[in-house]
Amino acid sequence: MSRIVYVNGEFVPEDEAKVSVFDRGFLFADGVYEVTSVLGGKLIDFPGHAARLRRSLAELEMDSPIEDDDLLAVHRELVARNGIEDGLVYLQITRGAADRDFAFPEGATPTIVLFTQAKPGLADSAASRAGIKVISIPDIRWGRRDIKTVQLLYPSMGKMAAKKAGADDAWMVEDGKVTEGTSNNAYIVKGRKIITRHLGTEILHGITRAAVRRLAREAQMEVEERSFTIDEAKEADEAFVTSASSFVMPVVEIDGAELGGGTPGPVAQRLREIYLEESRKAAI
Ligand code: PMP
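Everything quoted here is computed from the prediction, not taken from an experiment.

J.: Hey, could you run me through the domain arrangement of the protein in this one?
T.: When the parts of a complex come together, some accessible area is lost, and that lost area is often taken as the interface size. In terms of domain boundaries, the protein breaks down into domain 1 (4–118) and domain 2 (126–282). In this structure, domain 1 and domain 2 have C-alpha centres spaced 26 Å apart. Of the residues lining the interface, 21 residues belong to domain 1; the matching set on domain 2 comes to 20 residues. Regarding the contact of domain 1 and domain 2, the summed buried area is about 1,800 Å², with carbon and sulfur atoms giving 63% of it. Along the contact surface separating domain 1 from domain 2 lie 2 salt bridges. In this structure, R55 and D146 form a salt bridge, with 2.9 Å as the shortest nitrogen-oxygen distance. Linking domain 1 with domain 2 are 8 residue pairs in polar contact (both at pLDDT 80 or more), by the criterion used here. Mapped onto the side of domain 1 that touches domain 2, the elements with two or more residues apiece are β3 (31–39), α2 (46–59) and β5 (87–94). Among the elements that line the side of domain 1 that touches domain 2, the one with the most residues is β3, at 7 residues. Classifying every residue of the side of domain 1 that touches domain 2 gives 9 nonpolar, 7 polar and 5 charged.

Spelled out as structure tokens, the structure:
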């Protein structure tokens, strides 16, 4: 099955899509990205992703090759052309192609690429019913994790370390405190209190995190924003992660210690329901 992808203003079959070998995304990981989920053929949280994209670009002094309205139109067109009911739209913008030099090139034209991934049943995965197991690893990423860059080698290595350890994902730890998951924000639950790390440059400001925080408060659940240790997490009643592609995903084991008897907890399950319900309603 060949997808239609979007490259620099054109919709083309995936095997005809080309980016230069001099592209700075390829040579320097000089690029940013967003992932927006699609449920029932509609985009979840698109305005949040568009706003974060603008911020990532601005932080890197990178020009945007596209206006928000056009970006939305391209997302919708790709979803329609590829017949995506449930899945993802991946978007990447790089500083563009230029002769290799560490200094940012003057006047390079940014590269923009979007493609879809079909994920039938995305909102009802086996993992969401069983919960996932995480291990802890040191967080040795760069210091500007609030910018959503394509430097994803360490998170990839973290996922592989988790797989080798018989787990599903890794939580990263810096100065004794959990920062976030390899591709998600991390939470613990004590009683009815939800605890997640405060925003800063050490973590990505998750779009799903912002929505879940608002919805939890609307549902009269307390949300405390502070860092926590792996030991505290192991003693928690529940844990979960959030991301655009996994929504709210229960965590049932941390470094071999079972939480809640190894089954998803009520707070995580309720938040997942609320998040999916509200997101579907607001999808565009
Ligand atoms: N943290 C990291 C490191 C991530 O890669 C992601 C997902 N890309 C998230 C958090 C979650 O962000 P969002 O809810 O916007 O998908």
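J.: Mind showing me how you'd approach helix α8 (residues 266–282) here?
T.: Every α-helix carries 3.6 residues per turn, so stepping three or four residues along brings you back to the same face. Its 17 residues give α8 an end-to-end C-alpha distance of 24 Å, which sits within 8% of 24 Å, the value for a rise of 1.5 Å per residue. Turning to α8, its buried residues number three or more, namely V267, A268, L271, R272, I274, Y275, L276 and S279.

J.: Looking at this structure, how should I read the packing of helix α6 (residues 207–218) against α8?
T.: A pair of packed helices can be characterised by two numbers: the angle between their axes and the separation between those axes. Contact pair α6 / α8: the axes reach a minimum separation of 10 Å and the direction vectors enclose 110°. Looking at the two axes, α6 sits roughly perpendicular to α8. The segment α6 lies against α8, with T208, A211, V212, L215 and A216 engaging L271, I274, Y275 and E278. When the residues that make up the contact of α6 with α8 are grouped by side-chain class, the tally is 7 nonpolar, 1 polar and 1 charged.

Conventions and cut-offs
Residues numbered from 1 in each chain as written. Predicted model: local features only at pLDDT ≥ 70, side-chain atom pairs only at ≥ 80, totals over all residues. Heavy atoms only, no water. Domains from an automatic or database assignment. Contact = heavy atoms within 4.5 Å. Buried area = accessible area lost by both parts, 1.4 Å probe. Salt bridge = Lys/Arg side-chain N within 4 Å of Asp/Glu carboxyl O. Polar contact = N/O pair within 3.5 Å; in protein donor to acceptor, adjacent residues only side chain to side chain. Helix = DSSP H or I, 4+ residues; strand = E, 2+ residues; numbered from the N terminus. Nonpolar A, V, L, I, M, F, W, Y, C, P; charged D, E, K, R; others polar. Expected span 1.5 Å × (residues − 1). Buried < 20%, exposed > 50% of the residue type's maximum accessible area, 1.4 Å probe, protein only. Axes fitted to C-alpha atoms, helices over the stretch in contact; angles between N-to-C directions. Parallel < 35°, antiparallel > 145°, perpendicular 65-115°, else oblique.

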